[in-house]
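Breakdown of the fold
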Amino acid sequence: MIEHAAGNPAPHTPDDPPRSAVALVDAVTPVERELIGGWLAEGGIAAELGIDVPVTQIDLDAASISARLVRRGDDPLVVPIRVLWLPPERDGVRRTTFADLALLNNPRRPRRILQRRLVHKAPDRHLILTGHPARLSELRANNPGIAPHADPFARAIVRAGTVALERAERAVIGDRYKVPRLVVEEILDSPEFLRRLDIIAAESGAEPREVRRRAEKALRELVAAQSRLVSDLFTQAMRPVHASTWKVECDRSGLAALRRLNNNYPLVFLPSHRSYVDAFVLGDALARNDFPPNHVIGGANLSFWPMGPIARRTGTVFIRRSFGDDEVYKAVVEEYFAYLLAKRFNLEWYFEGGRTRTGKLRPPRFGLLNYLAAAIRGRRIDDVMLVPVSITYERLNELGSIATEQVGGAKKPEGLTWLARYIRNQQHSAGRVYVRFGEPLSARERLAAHGDPVRTLIDAAHRDGAGADDLTDRRHKAVQRLAFEVAVGINAVTPITVNALVTLALLGVHERALTLGEVRRTLEPVCGYIIRRGLPTGELDTLRDDQGLAAVLEHLSVAKVVTVYRGGLEPVYSIETGAHLEAAFYRNSAVHWFVDRAILELAILEVADAEATPGIEAIWDAAYRLRDLLKFEFFFSDRIEFAAGMGAEMLLVDGKWEQRSTARELVGALADSGFIMAHRVVRSFVDAQLVVAERLADADPAIPFDRKQFVDECLAVGRQMLLQQRLHSPESVSSELFSSALKLADNYGLIEPVTEDLQQRRREFAAELRSIGDRISRAAALDPSNRSPRESA
C-alpha cells in the first residue's frame, strides 16, 4: 500500500479495474466508526479514487482480515482508512502541550466523550485519512515468503495498512512525527530472521522455541516505542532548559541538502560527543527543520527512571554495553538495524563511544558500524549515507566533572540526583553552540573503496578465491577506515571558537599573566593565519576590538577558567589555578587545525639541530616521524595529502624557503611569522607520552603488565614530575592522554611480546621523547608571547 492524505488522491489505474473494494477501518470508538461509515456511505471512496464499486468494511486487525479477506478468490482494492485527530492550532502550530496533559487529554487521541463534541464544535480538528490502496494480488506479491492464506499474511496486511496510514498522517502533520509501528511483530514474522534463529539454535544445541523466545524478549527490550505525545511534551520541557543556556547556530544549507538526500537514502548521523546535551541540541535542530526523529543509539547507563522510559518514547534505542558471545542478541541488533534502515528511518549514534574528556575527538568505536556494514553486505539495504556532525560549544557547564575524571576521579553514576544537578547547571548562560554537517559519505561506496567486497561472505570467497579469514580481515579494515573518514569529516567542519583561541593563547605562556593588549597581539597573527587558510570559525570578529576581547575573557572568568587580577595599573589575565584541564578542553576543540603547523615547526628545528641543509626530504622525514608519534591523538590524512599540507604550511611560513641555504634561516622565518604553535598544540601530548615511556623504561619486563594499574601509576608519577617542573602543565597529567600514549607504545612493540632488547628499546623511546620535548621548549622560546615585555619592546 502506498499512502496519501484525504483530499490528495493518487489514482489507481491498473489494466484491469477493480470490481470491488475493501475498506480496512482503523477505528477505536463509536464516533470514529460513525465518521468513517458516513464518509463511505456518501461515496467517499468513489470521490477519492474515482471508482464506483461495492465497498466492504473490515476492521484493521489480523483476526478480521484472516477471516474475511485473505481467502477471497477475487482481487478487491484494499483501502486503509482512519480518523485523524489534530491538536488545536496555537501560534500557527498544532502541537500537544502540558496544558492538555493537565486536563488528562491527548488531543491526538481525544477521549470518547470529547470526540463527539469536537465533531460539532471544532470540525477542523479531524479529517478522514486514507492510505493509497493496493490490490489483494499486489499484497500477496509483496510478501512472497508468506503463505497467502495464513495468519502471518493477515498480520502483514495489518502492518502495510498501518504504515500507509502513518505515512499519510505525516503528509498532514509533518515528517518530524515519523514513527515506526508494529516493529517487533514484523521482524518476528520475517522468514529470513526466523531461519537465522533456527541456525543459531542448531549450532548451539538449544531448542528453537527457546531461541525465538529470547529473540522476542531482546527485541521488546531494544525497540524504541516512539510516542508523538511524549515527543511533543519532552521537546517543550527540554527546549527552555537549553534555550537559556545556548544560542544554537545550525548549518541550514547543510540541512537542506540532507533533506534532499533523505528522499532517496536513509541517513546515519554521527556527531562528535562533547556533552550529554548533544542529542537534545541535534534533535531540536532537526525537529525545527521538519526532519523525522532519529533513532538515537544509546548506552544502558542512561536508561534510569524517568529518563529511560521517556527517552525510549522519543526514539532512543538502549543497547547493552556488552553482550559477548550472545549470538541471539547480536542477531536481533543486526536485524533491527537492517529493518530501520530498509524502512528509511534515520539513525544517530556517538561513535567515539563516550564523551571526549580532552575536547578533541576520541578514537572511534567500530561495533555499530559493523552491524551497518553487515546489512549492506547481506543486501538488506542498498546503501546508507553517513553524515559527520560537529557539535561545538563555546562553553560547557559540565566541564568540572570531565576534568575530575581525567585526573583519576570516579565518574558519578547517572540517576535522579545526576539529572537534577545537570538541569541546575544548565541555568548559566554558555554562549553559542555550533552545529555543522560534513560531506555525507556513501557507506557502500566507501567500504568498497577501502577493500570490502560488499558481498556475502560465500559469494566473495567464491569469486575472489580468498579465505574466510582474509575476507574478515579486509572487512574489519574497511570499517576502520570508514570510521576514520567520518572523524576527518567531523574535524573538517568543526569551527574555531573564540574560547578555543583565547585559551590557546593563554595556555601558550608559562606562569605569566597577559594584559588585554598582549592577548590581542598574540591572537592577531593567528587570526590572520586562520583567514589565509580559510578555516571555519565562530564569532572571531568579537576578538578584533578590546571591548569584545574583554567580554570573552570575562565570560571565561565567570566560568572559572580564566582569573583576572585588577589591583595594578590594568587588568591581567591568566589560566585559573587548577583549571588547566578545563582550558585545554576548549583549546582542543580546534587544535586539529594547527597540528600540521606544529609538526612543521618541530621538523625544521630538528633539521636545524643536525645542521643539515633545509632539503625537502630531511624536513619531510622528520615530519613523518612526528606524525607517527601523534597518530593515536589526531586523524591525519594519507602521506601524499600530508606532504601537500606540509608544503602549504611551509609557504605560509616562508614563501622563499627553497632558496634558503641553511635550516637556521627557516628557524628565523618561524620566529618572524608572529606566532609559534608547537608548544601550544602538541606539548601536553608529548609530555604524557614521556611519562608513559619513562615508566616503561623503569618497569621490569618479566612482571605481567596490568594496564589499569600502570595508568594509575602514571597519574601518581605525573603529579610528581609536575611538581618538579619536568612537565609543563597539569593538562599532561590525564588518564585519557596516558591511555593513548600506552596504545602508541603497544603499537611500537614496547609492551609485549617480551624480547631481549625490549628494555633498550624502551629507553630509546624515552630518550627520543625527551629530545622532542627539548625542541618544543626551544619553539616556545621563539614565540613572541613568551618574550618579556622589555624584550618585545
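This report concerns the structure included in the present document. (Residues numbered from 1 in each chain as written. Predicted model: local features only at pLDDT ≥ 70, side-chain atom pairs only at ≥ 80, totals over all residues. Heavy atoms only, no water.)

1. Some thoughts on the environment of Tyr 748
Within the fold, Tyr 748 resides in the loop between helix H33 (735-747) and helix H34 (758-782). Residue Tyr 748 is classed as partly exposed on the basis of its relative accessible area, which comes to 26%. Sequence separation between Tyr 748 and Arg 761 is 13 residues; the distance between their C-alpha atoms is 9.4 Å. Those residues in contact with Tyr 748 that sit more than four places away from it in its chain are Asp 628, Leu 629, Arg 761 and Phe 765. Side-chain polar atoms of Tyr 748 contact the side chain of Asp 628, separated by 2.8 Å. (Helix = DSSP H or I, 4+ residues; strand = E, 2+ residues; numbered from the N terminus. Buried < 20%, exposed > 50% of the residue type's maximum accessible area, 1.4 Å probe, protein only. Contact = heavy atoms within 4.5 Å. Polar contact = N/O pair within 3.5 Å; in protein donor to acceptor, adjacent residues only side chain to side chain.)

2. Observations concerning the pairing of strand E3 (residues 77-85)
Counting buried residues in E3 gives nine out of nine residues, a clear majority hidden from the surface. Both strand E1 (residues 21-26) and E3 contribute to a ladder of six bridges, which runs parallel. Looking at the pairing, Asp 26 lines up with Arg 82 of E3. Inspection of the sheet shows E3 paired to strand E7 (residues 134-135) by two bridges, in the antiparallel sense. Note that in E7 the partner of Val 78 across the bridge is Ala 134. Here E3 runs beside strand E6 (residues 126-130); their pairing, made up of five bridges, is antiparallel. (Pairing = 2+ DSSP bridges.)

3. Let's talk about the nonpolar core
Membership of the largest hydrophobic core comes to 107 residues, with the highest contact counts inside it found for Leu 501 and Phe 594. Per-element accounting of this core gives the leading share, ten residues, to helix H26 (residues 595-609). When neighbours within four sequence positions are excluded, Phe 594 is seen to be in contact with Ile 496, Leu 501, Leu 504, Val 526, Tyr 529, Ile 530, Met 677 and Val 681. Membership of the second largest hydrophobic core comes to 60 residues, among which are Val 223, Val 328, Phe 345 and Leu 447. (Core = buried A, V, L, I, M, F, W, Y, C linked by side-chain atoms within 4.5 Å.)

4. Details of the packing of aromatic side chains
The full count for this structure, using the stated rule, is 14 aromatic pairs. Considering the side-chain rings of Phe 269 and Phe 291, the 6.5 Å spacing of their centres and the 80° angle between planes classify their relative orientation as edge-to-face. One end of the pair, Phe 269, is in strand E9 (residues 267-271); the other, Phe 291, is in the loop between helix H13 (278-288) and strand E10 (295-299), and 22 residues separate them in sequence. Measuring from ring centre to ring centre gives 5.4 Å for Tyr 529 and Phe 675, while their planes differ by 65°; the resulting arrangement is edge-to-face. Linking Tyr 529 in helix H23 (residues 516-533) with Phe 675 in the loop between helix H29 (663-672) and helix H30 (678-681), this pair joins segments that are 146 residues apart in sequence. Accessibility classification places Tyr 529 together with Phe 675 in one group, the buried group. Three or more aromatic residues link up through ring pairs in this structure, and these residues are Tyr 624, Phe 634, Phe 636, Phe 642 and Phe 685. Over the ring of Phe 675 we find Arg 597; its NZ or CZ atom is 4.3 Å from the centre of that ring. (Phe/Tyr/Trp six-rings, centres within 6.5 Å; stacked < 30°, edge-to-face > 60°. Lys NZ or Arg CZ within 6 Å of the ring centre and 35° of its normal.)

5. Some remarks on the side chain of Asp 452
You can see Asp 452 is positioned in the loop between helix H19 (443-449) and helix H20 (457-464). A residue is classified by how much of its surface remains accessible, and Asp 452, at 3% relative accessible area, is buried. Polar side-chain contacts of Asp 452 include one of 2.7 Å to the side chain of Arg 377. Residues within four places of Asp 452 in sequence aside, it is in contact with Arg 377, Leu 447, Arg 475 and Ala 478.

6. Considerations on the pairing of strand E13 (residues 385-393)
Among the nine residues in E13, nine count as buried, and that is most of the element. Burial along E13 is two-sided: the residues Met 385, Val 387, Val 389, Ile 391 and Tyr 393 and Leu 386, Pro 388, Ser 390 and Thr 392 are all buried. Two strands pair when backbone bridges link them, and E9 and E13 are joined in this way by five bridges, in the parallel orientation. Across the sheet, the residue bridging to Phe 269 is Val 387, located in E13.

7. Description of unusual backbone geometry
Positive phi, normally seen in glycine, also occurs at Asp 290, with a value near 60°. Relative to the elements of secondary structure, Asp 290 occurs in the loop between H13 and E10. Relative accessible area serves as the criterion here: at 32%, Asp 290 is assigned to the partly exposed category.

8. Focus: helix H16 (residues 367-377)
A large share of H16 lies buried, amounting to nine of its eleven residues. Once H16 ends, the next one or two residues include Arg 379, with phi positive near 60°.

9. What to know about the sheet that holds strand E16 (residues 514-515)
With respect to topology, three strands assemble into an open sheet ordered E16-E18-E17, the strand pairing being antiparallel. Looking at which strands have only one partner, the edges of the open sheet turn out to be E16 and strand E17 (562-565). Pairing between E16 and strand E18 (residues 572-575): two bridges, direction antiparallel. The partner of Leu 514 across the bridge, within E18, is Tyr 573. In the packing of helix H24 (residues 546-558) onto the sheet, the strands contacted are E17 and E18, and the crossing angle to E17 comes to about 110°. (Axes fitted to C-alpha atoms, helices over the stretch in contact; angles between N-to-C directions.)

10. Considering helix H31 (residues 683-698)
Taking 1.5 Å per residue, 16 residues should reach 22 Å; H31 reaches 23 Å between its end C-alpha atoms and fits that length. Where burial is concerned, most of H31 is hidden: 15 out of the 16 residues are buried. (Expected span 1.5 Å × (residues − 1).)

11. Things to note about the environment of Val 479
You can see Val 479 is positioned in helix H21 (residues 468-493). Separated by 113 residues in the primary sequence, Val 479 and Phe 366 have C-alpha atoms spaced 7.0 Å apart. If we skip the residues at most four places from it in the chain, Val 479 touches Phe 366, Leu 369, Asn 370, Ala 373, Arg 377 and Leu 447.

12. A look at the environment of Pro 495
Within the secondary structure layout, Pro 495 lies in the loop between H21 and helix H22 (498-507). Pro 495 sits 44 residues away from Glu 539 along the chain, and the two C-alpha atoms are 9.5 Å apart. Sequence-distant contacts of Pro 495, that is, excluding residues within four places in its chain, are made with Ser 390, Thr 392, Tyr 434, Arg 436, Pro 536, Thr 537 and Gly 538.

13. Remarks on the pattern of salt bridges
Taken as a whole and judged by the stated rule, the model has 51 salt bridges. With a shortest N-O distance of 2.9 Å, Arg 380 and Glu 335 are connected by a salt bridge. With Arg 380 in the loop between H16 and E13 and Glu 335 in helix H15 (residues 327-342), the pair connects residues that are 45 residues apart, well separated along the chain. Look at Arg 380 and you get partly exposed, because its relative accessible area is 35%. With relative accessibility at 6%, the residue Glu 335 sits in the buried group. Connected via shared salt-bridge partners are Arg 155, Arg 159, Glu 186, Asp 189 and Lys 343. (Salt bridge = Lys/Arg side-chain N within 4 Å of Asp/Glu carboxyl O.)

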